[in-house]
Amino acid sequence: MSEAYACIDNLIPELAIELPGATPLGIATAFGSALREFLSESAAWRVELDAFPLHEDKSVYYLDPPTPNSLILYVHGVRYMKDGASRELHSLTQQDSTKVASTSAGDPHFFHGYADCPGRIAIYPPPAEDTEPCVIPMVSLTVTEPWDRQIPIFVLRYWREVLFSGTVGRMMNQQDKPYSNANTAVYHLRKFRAGIVRARDMAGRQYTTAEHIPTFPRWA
Amino acid sequence: MSWLISDAVASIREQLQDTRAGSYRYSDVKLLRYLNSAFSDVRRLRPDLLLPTLDVPAFVEADLLTPTAFPIDGMYYSAIVDYVAGTVSLEEDEFSVDGRASTLLNRFTQKLISRGA
């Protein structure tokens, strides 16, 4: 995963042109809100974490975000690797005590997450002995709170205009400001919402395919 | 350009034609009191100008002797000057001009909430 980041300060001059009378800190605050909304609703910042080992009779594991300035939002899936082959663990949408109780210690088959702690997962059944690094989670990330004004380059590469629309739309939607403009706000917020939907779809397809055509973008 | 509090007081005095040092009509203490109330109104109308803390600044005479920075974006410097000059002009004395006071205070509000001047 790329760990390159850009600072919001580099983007503020371009945003300030659209928002006369807005201060740099106000623009940065709105951009941070738009970025958090975009990442949480689209899950577009999707990465595979490094493989970690399982431990004897241990089911619950805590995942670390890949960089200090990111947080784990969702766990989309977990792969288990053994003897050179990998398979997906089944996701338990709610803890199914019947399924869990029926599997004795051995190779893992199930996993589930915890809503109150997104970086925590439980893997069943627990192994009978310690293993080599063999479990690879696929997670989506968001920025830390409070935001450190850093934007992943990866997100900017694909979604720069979408985030700009989210920022400008939010600010133009404010009342009694020199940059208030309800009509243009609607235009920008529509672009933002459409971008979130597109990002969710592209992230789900690992940025490689679309539903009806083999490559992204369509003109490539 | 980065403004200072002392610049703001000097601009206010120019607005009020009160620039004769040693015999000011309005004391620094009075102007600073109105300046502080200007920032209270900024907090009411445009809290985003006081990010990230939203604290309302309060200045004293000692701030005029040191290079104390103007606490909000320089875009709104003239709005603050208009507010203080307008508020001073509301005082009941022989130098007050009510119409001018009203114009200046409206300019303050318009500069904060719209693109008007």
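In this text, all values refer to a predicted model and were calculated from it rather than measured experimentally.

(A) Structural context of the overall build of chain A. Summing up its helical and strand segments, chain A has five helices and eleven strands in all. Here chain A, with 220 residues, has 45% of them falling under the buried criterion. If you take every contact in chain A between residues at least 6 apart in sequence, the share linking residues at least 24 apart comes to 70%. Accessible surface, chain A as shown: approximately 11500 Å² in total, 51% of it carbon and sulfur.

(B) Geometry of the pairing of strand β9 (residues 120-124) of chain A. Residue and element names in this part refer to chain A. Most of β9 sits inside the fold, with five of its five residues counted as buried. Note that strand β4 (residues 60-62) and β9 share three bridges and pair antiparallel. Within β9, the residue paired with Val60 across the bridge is Ala122. Looking at chain direction, strand β8 (residues 110-113) and β9 are connected through four bridges and run antiparallel. Each bridged residue has a counterpart across the sheet, and for Phe111 the counterpart in β9 is Ile123.

(C) Focus on the interface of chain A and chain B. Between chain A and chain B, the contact holds twelve residues from the first and 13 residues from the second. The junction of chain A with chain B conceals about 960 Å² of combined surface from both sides, 59% of it contributed by carbon and sulfur atoms. For chain A, the biggest contributors to the area lost against chain B are Thr23(A), Leu25(A) and Pro178(A); these three give 44% of the whole. Summed over the shared surface of chain A and chain B, the result is four residue pairs in polar contact (both at pLDDT 80 or more). Looking at the side of chain A that touches chain B, its residues break down into six nonpolar, four polar and two charged.

(D) Quick peek at the pattern of salt bridges. In total, this model carries 17 salt bridges over all chains according to the counting rule given. Residues Arg160(A) and Glu161(A) are paired through a salt bridge, measuring 3.8 Å at the closest nitrogen-oxygen approach. The class for Glu161(A) is partly exposed, based on a relative accessible area of 46%. A salt bridge links Lys111(B) to Asp82(B), with the shortest nitrogen-to-oxygen separation between them at 3.0 Å. With Lys111(B) in helix α5 (residues 98-113) and Asp82(B) in helix α4 (residues 77-89), the pair connects residues that are 29 residues apart, well separated along the chain. For the pair shown, Lys111(B) and Asp82(B) are each scored as buried. A single network of salt bridges, built from pairs that share partners, joins Glu14(A), Arg160(A) and Glu161(A).

(E) Highlighting the pairing of strand β6 (residues 85-88) of chain A. Sheet topology places strand β5 (residues 70-82) of chain A next to β6(A); four bridges connect them, and they run antiparallel. Looking across to β6(A), one finds that Tyr80(A) is bridged to Arg87(A).

(F) Highlighting the confidence of the model for chain B. Residue-level pLDDT values for chain B average 93, and 97% of them are 70 or greater. Both scores are available for the predicted complex, with the pTM at 0.87 and the ipTM at 0.86.

(G) Representation of the sheet that holds β4(A) within the structure. The sheet built from four strands is open, its strands ordered β4-β9-β8-β7 (chain A) with mixed pairing. Of all the strands in the sheet, the pair left with one neighbour each is β4 and β7 (90-91) of chain A.

(H) Representation of the nonpolar core within the structure. Residues and elements named next belong to chain A. Ranked by size, the top nonpolar core spans 57 residues in total, and within it Ile8, Phe31, Leu35, Phe38, Ile123, Val155 and Trp159 carry the most contacts. When contributions to this core are tallied by element, the ones reaching two or more residues are β1 (5-7), α1 (12-18), α2 (24-42), β5, β9, β10 (133-143), α4 (153-172) and α5 (182-204). When residues in this core are grouped by element, the largest group, ten residues, is from α4. Among all residues touching Trp159, those that are not within four sequence positions of it are Phe38, Ala44, Gly195, Arg198, Ala199, Met202 and Tyr207.

(I) Up close: the confidence of the model for chain A. Per-residue pLDDT for chain A averages 88, and the proportion of residues at 70 or more is 87%. Element-level pLDDT for chain A is lowest in helix α3 (residues 97-102) of chain A, with a mean of 57, against a maximum mean of 96 in α2(A).

(J) Here's a closer look at the packing of aromatic side chains. All names here are of chain A. What the rule picks out here adds up to ten aromatic pairs over all chains. Pairing Phe31 with Trp147 gives two aromatic rings, centres 6.1 Å apart and planes at 20°, and the pair type is stacked. Note that Phe31 is positioned in helix α2 and Trp147 in the loop between β10 and β11 (150-152), a separation of 116 residues in sequence. Seen from their ring centres, Phe154 and Tyr158 are 5.8 Å apart, and the 75° between their planes marks the pair as edge-to-face. Here Phe154 and its partner Tyr158 are both found in helix α4, four residues apart, which amounts to about one turn of the helix.

(K) Seen up close, the environment of Asn36(B). Residues and elements named next belong to chain B. For Asn36, the position within the fold is in helix α2 (residues 28-45). Here Asn36 is in contact with Val56, Pro57, Ala58 and Phe59, once residues within four sequence places are set aside. Within the structure, the side chain of Asn36 is placed 2.8 Å from the backbone nitrogen of Phe59, a separation counted as a polar contact.

Conventions adopted
Residues numbered from 1 in each chain as written. Chains lettered and ligands numbered in written order. Predicted model: local features only at pLDDT ≥ 70, side-chain atom pairs only at ≥ 80, totals over all residues. Heavy atoms only, no water. Helix = DSSP H or I, 4+ residues; strand = E, 2+ residues; numbered from the N terminus. Buried < 20%, exposed > 50% of the residue type's maximum accessible area, 1.4 Å probe, protein only. Contact = heavy atoms within 4.5 Å. Areas by Shrake-Rupley, 256 points an atom, 1.4 Å probe, with all protein chains shown as cover. Pairing = 2+ DSSP bridges. Buried area = accessible area lost by both parts, 1.4 Å probe. Polar contact = N/O pair within 3.5 Å; in protein donor to acceptor, adjacent residues only side chain to side chain. Nonpolar A, V, L, I, M, F, W, Y, C, P; charged D, E, K, R; others polar. Salt bridge = Lys/Arg side-chain N within 4 Å of Asp/Glu carboxyl O. pLDDT = per-residue confidence, 0-100. Core = buried A, V, L, I, M, F, W, Y, C linked by side-chain atoms within 4.5 Å. Phe/Tyr/Trp six-rings, centres within 6.5 Å; stacked < 30°, edge-to-face > 60°.

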